[in-house]
Amino acid sequence: ELVSNNLTCYSNAISPTNGTDFAMRFIFTLKGCETNDSIGLRSFVPMPAVFKRANYKVAYFDNQYTRSLGGSLDYSCGYFLNPSYINDNCFDFRNNEIYKYDGDFIDRYCADLLKEPKSFNIIHLKGQHFDAALRFPDSFAVFKKENIKRADLTDKERQRVADYDNATLYNDYVLSKILNEFREKSAVIVYLSDHGEHIYDGGKQYYGRGFGTKHEEETIKAVYEVPFMIWCSDSFINKNPSTYQKIREAIKRPICTADLPYLLFDIAEIEFNHQDKTKSIINSEFKPHDVIF
């Protein structure tokens, strides 16, 4: 874990799935990782709809898929947020363009970010998604295969590792652009990945992801363990010292990304009949639970 004045980075976060489409079904609804997957999504409250009912304005920015655009990776054409009866009850704004690079995407839509009180922005970036070589412009090609001191890898494999490092560097830059948009506001930004990738991390030297139920130790560490951090602006910290302290104190708690809605409800101080404080890592009633893949 890592702590700075505004940033709290957690080291024990895990996703219950390894594909974006499936991960979004957990992140965007109150579906828990312990829930039998045969139960349809109609049984679960959509998280953005709760914010709407609590009089928040909600915007959803997705650089991988829109209601009419997108590729074949991870998403199906029947993406569950797209039907009008769901979309209209969840969002006040959605983008209709996607860009090759996340930085260009943020530049295009930064003017549409909601910044007034009771605003909620959801941003889904391409990040370091395979193929990582496609995720950063030439100006961020800092690392080369020669920088990867791995005698166990071929030149092609070492370049793939370098490309992932470059994509990570670029992702940090893009995230800084987003943070800078909110530095002068009373704001909280929760950052996480929906899944990871194998980049020759362990002894078996896997690359990419194998979809399915393979949950050996190496795959869990590379693909299911994900980054998770919370950034608070100075203004938010000054206005909400108790919530800020709870965020700091939760740094060692285990996090299941399926429980993200309950954390967000706590931060936003939203109380409703489906809130479960035992699943919010910043709540005194939090209870750790096993992640069921």
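What counts as what
Residues numbered from 1 in each chain as written. Predicted model: local features only at pLDDT ≥ 70, side-chain atom pairs only at ≥ 80, totals over all residues. Heavy atoms only, no water. Patch = residues over 30% accessible without salt bridge, like charges linked within 9 Å, V, L, I, M, F, W, Y side chains within 5 Å. Areas by Shrake-Rupley, 256 points an atom, 1.4 Å probe, with all protein chains shown as cover. Salt bridge = Lys/Arg side-chain N within 4 Å of Asp/Glu carboxyl O. Helix = DSSP H or I, 4+ residues; strand = E, 2+ residues; numbered from the N terminus. Buried < 20%, exposed > 50% of the residue type's maximum accessible area, 1.4 Å probe, protein only. Core = buried A, V, L, I, M, F, W, Y, C linked by side-chain atoms within 4.5 Å. Contact = heavy atoms within 4.5 Å. Lys, Arg positive; Asp, Glu negative; His and termini not counted. Polar contact = N/O pair within 3.5 Å; in protein donor to acceptor, adjacent residues only side chain to side chain. Pairing = 2+ DSSP bridges.

Caption draft 1: Layout of a nonpolar patch on the surface. A contiguous nonpolar patch, built from Val142, Phe143 and Leu169 and spanning about 230 Å² of accessible area, is present on the exposed surface. Looking at where Phe143 falls in the secondary structure, it is placed in the loop between β6 (119-124) and α5 (155-182).

Caption draft 2: Geometry of the pattern of salt bridges. This structure, assessed with the given rule, holds 14 salt bridges. Note that Lys145 and Asp155 form a salt bridge whose closest N and O atoms lie 3.8 Å from each other. Remark: Asp155 occurs in helix α5 and Lys145 occurs in the loop between β6 and α5; sequence separation between them is 10 residues. Using a relative accessible area of 41% as the deciding quantity, one classes Asp155 as partly exposed. Arg158 is the salt-bridge partner of Asp155, the closest N and O atoms lying 2.3 Å from each other. Pair noted here: Asp155 and Arg158 are both in helix α5, with a separation of three residues, about one helical turn. Among the charged side chains, a network of salt bridges with common partners joins Glu97, Arg108 and Asp112.

Caption draft 3: Highlighting the nonpolar core. Of all hydrophobic cores here, the largest spans 45 residues; its most connected members are Tyr10, Phe28, Phe51, Phe228 and Ile281. Element by element, the count of residues in this core is highest for helix α9 (residues 260-268), at seven residues. Those residues in contact with Tyr10, other than ones at most four positions away along the chain, are Phe228, Met229, Ile230, Ile247, Ala250, Ile251, Ile255 and Ile281. Tyr170, Val174, Leu175 and Ile189 belong to the second-largest nonpolar core, a separate cluster that totals 25 residues.

Caption draft 4: Geometry of the side chain of Arg135. Structurally, Arg135 is set in the loop between β6 and α5. Comment: no salt bridge for buried Arg135; closest opposite-charge side chain is Asp102, at 7.1 Å. A polar side-chain atom of Arg135 sits 2.9 Å from the main-chain carbonyl oxygen of His129. With residues up to four places along the chain from it excluded, the contact list for Arg135 reads Tyr101, Lys126, Gly127, Gln128, His129, Phe130, Ala167 and Tyr170.

Caption draft 5: Geometry of the sheet that holds strand β5 (residues 93-94). As summarised here, the arrangement of the three strands in space is β5-β4-β6, forming an open sheet in which the pairing is parallel. Every other strand in the sheet has two partners, leaving β5 and β6 as the edge strands with one partner each. Sheet topology places strand β4 (residues 57-62) next to β5; two bridges connect them, and they run parallel. Paired with Tyr60 across the strands is Arg94, a residue of β5.

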